[in-house]
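# Understanding the architecture of this molecule
Okay, here's what each chain looks like letter by letter:
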Amino acid sequence: MDTIPLVNQGGSNTFEKKVFTTEEKPKDVRHNNILAAKTLSDIIRTSLGPKGMDKMIKDSKGKVIITNDGATIVNHLQVLHPTAKMLVETSKAQDIAAGDGTTSVVVLAGALLGQAQNLLDKNISPTVIADGFTEACNEAQKVVSDLEQSVELTNREALVQNCITSLSSKVVSNYSEILAPLAVDAVLKLVKSGEIYHDDVDLKDIRVSKKLGGTIEDTKLVDGIVFPDNKVSKAAGGPSKIENPKIGLIQFCISHPKTDMDSTLQIQEYSQMDRVLKEERAYIVKMVKKIKATGCNVLLIQKSILRDAVNDLGLHFLAKAKILVIKDIEREDVEFICKTLNCKPIAHIDSFTPEKLGTAAKCEEVTLSEGSKIIEITGVPNESKTVSILCRGSNQLVLDETERSLHDALCVMRSIIKRKAMVPGGSAPETEIAVKLTELANKTQGFKSYCLKAFADALEVIPYTLAENAGLKPVEIVTELRNKHRKGEKAAGINVKKGIISNMFDEKVIQPSLVTISALKLATEVVRMILKIDDIVICR
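Here's a quick rundown of the structure. (Residues numbered from 1 in each chain as written. Predicted model: local features only at pLDDT ≥ 70, side-chain atom pairs only at ≥ 80, totals over all residues. Heavy atoms only, no water.)

### Focus: the overall build of the protein chain
Rules: Under the DSSP-based scheme used, a helix requires at least four consecutive residues in state H or I and a strand at least two consecutive residues in state E, with every element numbered from the N terminus. For the radius of gyration, the atom set is restricted to C-alpha positions; the globular benchmark scales as 2.2 Å times the number of residues to the power 0.38. Think of it in three bands: residues with accessible area under 20% of the maximum for their type are buried, residues over 50% are exposed, and the middle band is partly exposed, with areas taken using a 1.4 Å probe on protein chains only.
When helices and strands are tallied, the protein chain shows 16 helices and 23 strands. For 540 residues, the compact-globule estimate of 2.2 N^0.38 gives 24 Å, and the protein chain exceeds it by more than 25% at 31 Å. If you line up the protein chain on its principal axes, its C-alpha atoms span 105 × 80 × 40 Å. Counting all 540 residues of the protein chain, 51% fall into the buried class.

### Comments concerning helix α5 (residues 126-147)
Residues that lie three or four places apart on an α-helix share one face, since the helix turns once every 3.6 residues. Where we set the bar: For a helix, the expected span equals 1.5 Å multiplied by the residue count minus one.
The end-to-end C-alpha distance of α5 is 31 Å, a good match for the 32 Å that 22 residues give at a rise of 1.5 Å each. Those residues of α5 lying buried are P126, I129, A130, G132, F133, A136, C137, A140, Q141, V143, V144 and L147.

### Thoughts on the sheet that holds strand β9 (residues 220-222)
Within a beta sheet, neighbouring strands are joined by backbone hydrogen bonds and run either parallel or antiparallel to one another. We count it as follows: By the convention used here, strands pair only if DSSP detects at least 2 bridges between them. Between the N-to-C directions of two axes lies an angle of 0 to 180 degrees, each axis being a line fitted to C-alpha atoms and, for a helix, fitted only over the stretch in contact. Residue contacts are defined here by distance: any two heavy atoms, one from each residue, within 4.5 Å place the two residues in contact.
Judged by pairing direction, the sheet is mixed, and its three strands sit side by side in the order β8-β19-β9 without closing on themselves. Edge positions in the sheet fall to β8 (206-212) and β9, since each of these pairs with one other strand and no more. In this sheet, adjacent strand axes meet at a mean angle of 25° when their direction is disregarded. Where β9 and strand β19 (residues 387-393) come together, three bridges link them in antiparallel fashion. Its bridge partner being in β19, L221 is matched across the sheet by I389. Against the sheet, helix α11 (residues 396-418) touches β8 and β19, its axis set at about 165° to β8.

### Some thoughts on the side chain of S209
Locating S209 in the fold gives a position in strand β8. Excluding residues within four positions of it along the chain, S209 makes contact with V226, P228, I389, L390 and C391.

### Considerations on the packing of α5 against helix α12 (residues 428-443)
The line we're drawing: An angle counts as roughly parallel when it lies under 35 degrees, as roughly antiparallel when it exceeds 145, as roughly perpendicular when it falls between 65 and 115, and as oblique in every other case. Each crossing gets its hand from how the near helix is turned against the far one by less than a right angle, where anticlockwise is left-handed and clockwise is right-handed. By the convention adopted, Pro, Cys, Tyr, Trp, Phe, Met, Ile, Leu, Val and Ala count as nonpolar, Lys, Arg, Asp and Glu as charged, and the other residues, Gly among them, as polar.
Two elements in contact, α5 and α12, have axes whose closest approach is 9 Å; the angle formed by their N-to-C orientations is 125°. Here α5 lies oblique to α12, going by the angle between them. Once α5 is placed against α12, the crossing between them reads as right-handed. Taken together, the residues of α12 that come into contact with α5 (itself represented by A136, E139, A140, V143, V144 and L147) are P429, E432, I433, K436, L437 and L440. Of the residues belonging to the contact of α5 with α12, the class tally is nine nonpolar, no polar and three charged.

### So, the environment of C338
Tracing the backbone through its elements, the reader meets C338 in helix α10 (residues 334-341). For C338, a relative accessible area of 13% gives the class buried. For the pair C338 and L357, spaced 19 residues apart in sequence, the C-alpha to C-alpha distance is 9.5 Å. C338 has contacts with L249, C343, K344 and P345, leaving out every residue within four places of it along the chain.

### Some words on the pattern of salt bridges
To be explicit about the condition: A side-chain nitrogen of Lys or Arg and a carboxyl oxygen of Asp or Glu constitute a salt bridge if their distance falls within 4 Å.
Scanning the model with the defined rule gives 25 salt bridges in all. Close ionic contact of K498 with E507 constitutes a salt bridge, the shortest N to O distance being 3.6 Å. On the basis of relative accessible area, K498 is assigned to the exposed category, the value being 55%. Salt bridges sharing common partners tie together D69, K170 and D408.

### Observations concerning a nonpolar patch on the surface
Selection criterion: Patches here are clusters of residues that have more than 30% relative accessible area and form no salt bridge, with a 9 Å joining cutoff for like charges and a 5 Å cutoff for nonpolar side chains (Val, Leu, Ile, Met, Phe, Trp, Tyr). Areas reported as accessible are Shrake-Rupley estimates using a 1.4 Å probe. Residue values count occlusion only from the protein chains shown.
A cluster of nonpolar side chains, L265, I267, M273, V276 and L277, forms an exposed patch at the surface whose accessible area comes to about 430 Å². Tracing the chain through its elements places M273 in helix α8 (residues 270-293). On the basis of relative accessibility, which here comes to 38%, the residue M273 falls in the partly exposed class.

### So, the nonpolar core
Across soluble globular proteins, you tend to see nonpolar side chains buried next to one another. We apply this condition: Side-chain atoms within 4.5 Å are what join buried Ala, Val, Leu, Ile, Met, Phe, Trp, Tyr and Cys residues into a set we call a nonpolar core.
Ranked by size, the top nonpolar core spans 56 residues in total, and within it F133, F455 and L520 carry the most contacts. The leading source of residues in this core is helix α4 (residues 102-121), at eleven residues. The next biggest cluster of nonpolar side chains, apart from the first, holds 37 residues, and it includes V160, V172, V191 and I216.

### Brief notes about the sheet that holds strand β20 (residues 421-424)
In space, the three strands of this open sheet follow the order β5-β20-β23, with antiparallel pairing throughout. What marks the edges here is a single partner per strand, and that holds for β5 (149-150) and β23 (510-512). For β5 and β20, the ladder comprises two bridges, and the chain directions are antiparallel. Counted as the bridge partner of S150 is A421 from β20. Sheet strands in contact with helix α16 (residues 513-531) are β20 and β23, and its direction is about 65° off that of β23.

### Things to note about the packing of helix α3 (residues 82-97) against α11
Taken N-terminus to C-terminus, the directions of α3 and α11 make an angle of 65°; their axes are 9 Å apart at the nearest point. On the basis of their axis angle, the class for α3 and α11 is roughly perpendicular. Between α3, through D95, I96 and A97, and α11, the contact on the second element is made entirely by H407, D408, C411, R414, S415 and K418. When the residues that make up the contact of α3 with α11 are grouped by side-chain class, the tally is three nonpolar, two polar and four charged.

### Regarding the packing of aromatic side chains
Rule in force here: Aromatic contacts are taken between Phe, Tyr and Trp rings whose centres are within 6.5 Å, Trp giving its six-membered ring; a plane angle under 30 degrees counts as stacked, one over 60 as edge-to-face, and the others as tilted.
This structure, assessed with the given rule, holds one aromatic pair. Here the aromatic rings of F133 and F455 are separated by 5.7 Å at their centres, their planes lie at 70°, and the arrangement is edge-to-face. In this pair, F133 sits in helix α5 while F455 sits in helix α13 (residues 447-459), placing the two residues 322 residues apart along the sequence. Exposure remark for F455: the relative accessible area of 1% places this residue in the buried category.

### Digging into α10
Of all eight residues that make up α10, six are buried, and the element is covered over most of its length. Burial in α10 covers these residues: V334, F336, I337, C338, T340 and L341.

### What about unusual backbone geometry?
We note that K322 has phi near 60°; this positive angle belongs to a residue other than glycine. Within the secondary structure, K322 sits in the loop between α9 (312-320) and β14 (324-329). Looking at K322, the relative accessible area reads 53%, which means it is exposed. A positive phi angle is found at N342, which is not glycine, with a value near 60°. Among the structural elements, N342 can be located in the loop between α10 and β15 (345-346).

See the structure below:
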């Protein structure tokens, strides 16, 4: 601390005011930032790996979530510190980029910040540390490239194994043999065009629907569309099954018209009332006849915010015309339905033409094992590149976790399609990088060698945590793993199920290399950003 003498006008008394020097304040700011980020990292560290613990999260509305998915946990935490929020955003970015490794990226960032703090305590400049970590990250990516094996999209077994590895750490890991093939088949249907495979996939083309009841084993892939919450309107005995349907999707109401402005109609006689009802009937009959004339026999009606999209009279006439009606289609589902059925949304009855109708092989109401009902439209045109997955679960918590796990498995498939390569799991890549960076640090001069060594030490937190969460002796396991990698066993990793070190390729514990590379890049990027902060300015 510096002391600033403040002399009063008489010159008799001297006051001393303590202020921060130019060096001390940035040190304290960095220390607090690192502490906040490490605290968040330590919270989800216990959730890493197949034997990781689950978190029970209860939000402000009383809703309970049980999960060990890193992105889901940090999303639901009410984080206040701006630096900890940066780690939350990093986890979200990893979820978008790779879909898996959301816990690893936060744990790795926390470990890197811990090592950075040790280097700062040795009076090494934060700029030097940030540059050193960036160089270490570039070297790490080269090691991953040497370690990876290419994978062909025709090798279905390898693709399924990648998804099983991703699902092994989830609450629903016991059902990975069922969910993994579903994810693989869903994505391959989208990317395969004859014998050609495309290089990218939009996961919005895969609609995951949830229906409470049954077990996870009842989860299935549907070649078409599933409506789990909508019901077939059976008013006046309408049909519940149509073969080779012509499907129309309307965005207008089948009911009497409303005036554009508020108006009051005064009726004084019964004859006037009859006339109003006759006009209403005639108006609705005219609409139904126009719909029937186009050949439409299945009608999807978009949900209306202001009033009922179809009234009882409308349902009565539609049933007499043998048209199957599905009400309350959500607005966000319209694009997916149009893409699947090759139909166009119709905003007004005057534009209802046969060209805007979609086709399929069958539309029917299906009764499930426990008695609940869903609507399935199957046998959609071949050119439609969409898939539906129906998730089942005995309770809402299991159902929600199944959906999240399926999303991760689908993201793993997307990662493989983007970069057709895989690396061994069980912390083998992290240990191999740590060994190579340590060797490089021993050959390097100056502060850079400290940074490379610190990056290598930080990476060892992944195998250490895996072993710790599996109930093994972490120090012994990590030491043995390091020795095996020094002897050239690049694919050696921790087999948490058997509690030994083994070849991960032989054990079929594999993951997309994009997951590892993305985690390294994002963790290094956020650590570099945090180290560059030397002050927090609060604006009112």
